[in-house]
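Below are the chains, spelled out letter by letter.
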Amino acid sequence: MNWIGKLVGAVLGAATGLGVAGALVGIVIGHAYDEKMSGDDDAPNRDAAGTRLVFFRATFTVMGHAAKADGRVSEQEILAARQVFRHLRLGEAETREAMDCFTRGKAAGFDLGATLAELRKACGGRHDLLRYFLDIQMRTALLGNDLQGPVRPLLMRVAQALGISGFEFAHMEAILRMQGFGTAHQYSRAGGEGGGPRGA
């Protein structure tokens, strides 16, 4: 499951303002990161495959948890998650896994604290990976419900658990809003394209 670099690349590519085209360029660049990580015997936790798996599952369980934070998952939040699936160019099996993770994150018994602790441990203190994780959560949440209601405090808890300060959280949000995130029209084309998680 060599995809963390593609996630990072997609996030950075989308930040160029080129939309899907920029994300795809980023995915290509990120692929090199995946290949390097797979063959790097000096990786901090010496378990790149395990890190990718934990990162993958945490990404979509926390995404589902945030979408359900106000008690229901809106159509806009579903469209936002689908867009992430497309940007990552997940295969059929990975898409099913991401959908299952999203659903598990919506469950009442989901343990957010344990999930984030496992993620932080798996990343071996890599602040860049943890920041990328929060970045993708914030992008999805901004496009899903504009960080309204309980979603903002929930993601602030996520940031705190990952060692990301409130100042950095605010800085990340400001940059994303300057890039146009938080406006519903950005995912207006997502409906009816490909698979994706279902509502509550």
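The structure we're discussing is the one just above.
Report follows, based on the coordinates. (Residues numbered from 1 in each chain as written. Predicted model: local features only at pLDDT ≥ 70, side-chain atom pairs only at ≥ 80, totals over all residues. Heavy atoms only, no water.)

## Examining the overall build of the protein chain
So, step 1. Within the protein chain, the regular secondary structure consists of eight helices and zero strands.
So, step 2. Evaluated residue by residue, the protein chain yields a buried proportion of 48% over its 200 residues.
So, step 3. In the protein chain, the share of contacts with a sequence separation of at least 24, taken over all contacts with a separation of at least 6, comes to 80%.
So, step 4. A total accessible area of about 9,300 Å² is found for the protein chain, and carbon and sulfur atoms account for 56% of it. (Helix = DSSP H or I, 4+ residues; strand = E, 2+ residues; numbered from the N terminus. Buried < 20%, exposed > 50% of the residue type's maximum accessible area, 1.4 Å probe, protein only. Contact = heavy atoms within 4.5 Å. Areas by Shrake-Rupley, 256 points an atom, 1.4 Å probe, with all protein chains shown as cover.)

## Describing the pattern of salt bridges
So, step 1. Applying the stated criterion to the full structure yields eight salt bridges.
So, step 2. Across the pair Arg57 and Glu97 runs a salt bridge whose closest N-O atoms are separated by 3.2 Å. Placement of Arg57 in helix α2 (residues 48-67) and of Glu97 in helix α4 (residues 92-106) is noted, with a sequence separation of 40 residues between them.
So, step 3. Among the salt bridges present, the one from Asp128 reaches Arg126, with a minimum N-O distance of 2.7 Å.
So, step 4. For Asp128, a relative accessible area of 32% corresponds to the partly exposed category.
So, step 5. Salt bridges sharing partners connect three or more residues here, namely Asp146, Arg152, Glu173 and Arg177. (Salt bridge = Lys/Arg side-chain N within 4 Å of Asp/Glu carboxyl O.)

## Here's the deal with unusual backbone geometry
So, step 1. Phi angles above zero are rare outside glycine, and Asp146 is one such case at about 65 degrees.
So, step 2. Among the structural elements, Asp146 can be located in the loop between α6 (127-145) and α7 (151-161).
So, step 3. Phi at Leu147 is positive, roughly 60 degrees, even though this residue is not glycine.
So, step 4. You can see Leu147 is positioned in the loop between α6 and α7.

## A few points about the side chain of Asn145
So, step 1. Here Asn145 shows up in helix α6.
So, step 2. At 3.1 Å, the side chain of Asn145 forms a polar contact with the backbone oxygen of Gln148.
So, step 3. Excluding anything up to four places from it in sequence, Asn145 contacts Glu77 and Val151. (Polar contact = N/O pair within 3.5 Å; in protein donor to acceptor, adjacent residues only side chain to side chain.)

## Points about the packing of aromatic side chains
So, step 1. Counted under the stated rule, the structure contains three aromatic pairs.
So, step 2. Measuring from ring centre to ring centre gives 5.8 Å for Phe55 and Phe133, while their planes differ by 90 degrees; the resulting arrangement is edge-to-face. With a gap of 78 residues between them, Phe55 in helix α2 and Phe133 in helix α6 connect regions that are remote in the sequence.
So, step 3. Residue Phe55 is classed as buried on the basis of its relative accessible area, which comes to 0%.
So, step 4. Aromatic side chains Phe60 and Phe85 sit 5.3 Å apart centroid to centroid with 70 degrees between the ring planes, which places their arrangement in the edge-to-face category. (Phe/Tyr/Trp six-rings, centres within 6.5 Å; stacked < 30°, edge-to-face > 60°.)

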